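If you want the building blocks of each chain, they are given just below.
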Amino acid sequence: MDQDLQLSLANNAKEWLALSLSISSAEKLAFSKIHDGFFTTYGAHFMAHVYRMTFEQALQSMPESERSKLLEAFQTAIDQSIDEHYSNKR
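Residues numbered from 1 in each chain as written. Predicted model: local features only at pLDDT ≥ 70, side-chain atom pairs only at ≥ 80, totals over all residues. Heavy atoms only, no water.

## Concerning the packing of aromatic side chains
For step 1, the next point in the chain: For the structure on display, the rule yields four aromatic pairs.
For step 2, the next point in the chain: Here the aromatic rings of F38 and Y42 are separated by 5.8 Å at their centres, their planes lie at 25°, and the arrangement is stacked. Of the two residues, F38 and Y42 both sit in helix α2 (residues 25-60), four residues apart, roughly one turn of that helix.
For step 3, the next point in the chain: With a centroid separation of 4.8 Å and 40° between ring planes, the pair formed by Y42 and F46 is classed as tilted. With Y42 and F46 both in helix α2, this residue pair falls four residues apart, about one helical turn.
For step 4, the next point in the chain: Here F46 falls in the partly exposed class, since its relative accessible area comes to 31%.
For step 5, the next point in the chain: Members of the aromatic cluster, each reached through a chain of ring pairs, are F38, Y42 and F46. (Phe/Tyr/Trp six-rings, centres within 6.5 Å; stacked < 30°, edge-to-face > 60°. Helix = DSSP H or I, 4+ residues; strand = E, 2+ residues; numbered from the N terminus. Buried < 20%, exposed > 50% of the residue type's maximum accessible area, 1.4 Å probe, protein only.)

So this is what it looks like as structure tokens:
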């Protein structure tokens, strides 16, 4: 990947981050209703599939350094969730 493409992707990621941080409360509420409706209608297995596809698509458009950070954060979140799950079982 050449440097111009990397810079373009990095700028695109920054713009998406800025957009995601500027989402209004009404938009968040609308998304929440849609999300919860799909979750209720189709269940956890369906939503897990949607999350995985979204995650994979996001990874494909990220620079390597950002992919690594995201995957590390994902692994940390999984490890913490597993620890919490089993600590609550005791």
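Having seen it, we continue.
## Focus on α2
For step 1, the next point in the chain: The end-to-end C-alpha separation of α2 is 29 Å, well short of the 52 Å expected for 36 residues at 1.5 Å each.
For step 2, the next point in the chain: Along its length, α2 shows its largest kink, about 120°, at G43. (Expected span 1.5 Å × (residues − 1). Bend = angle between axes of the 7 residues up to and from the residue.)

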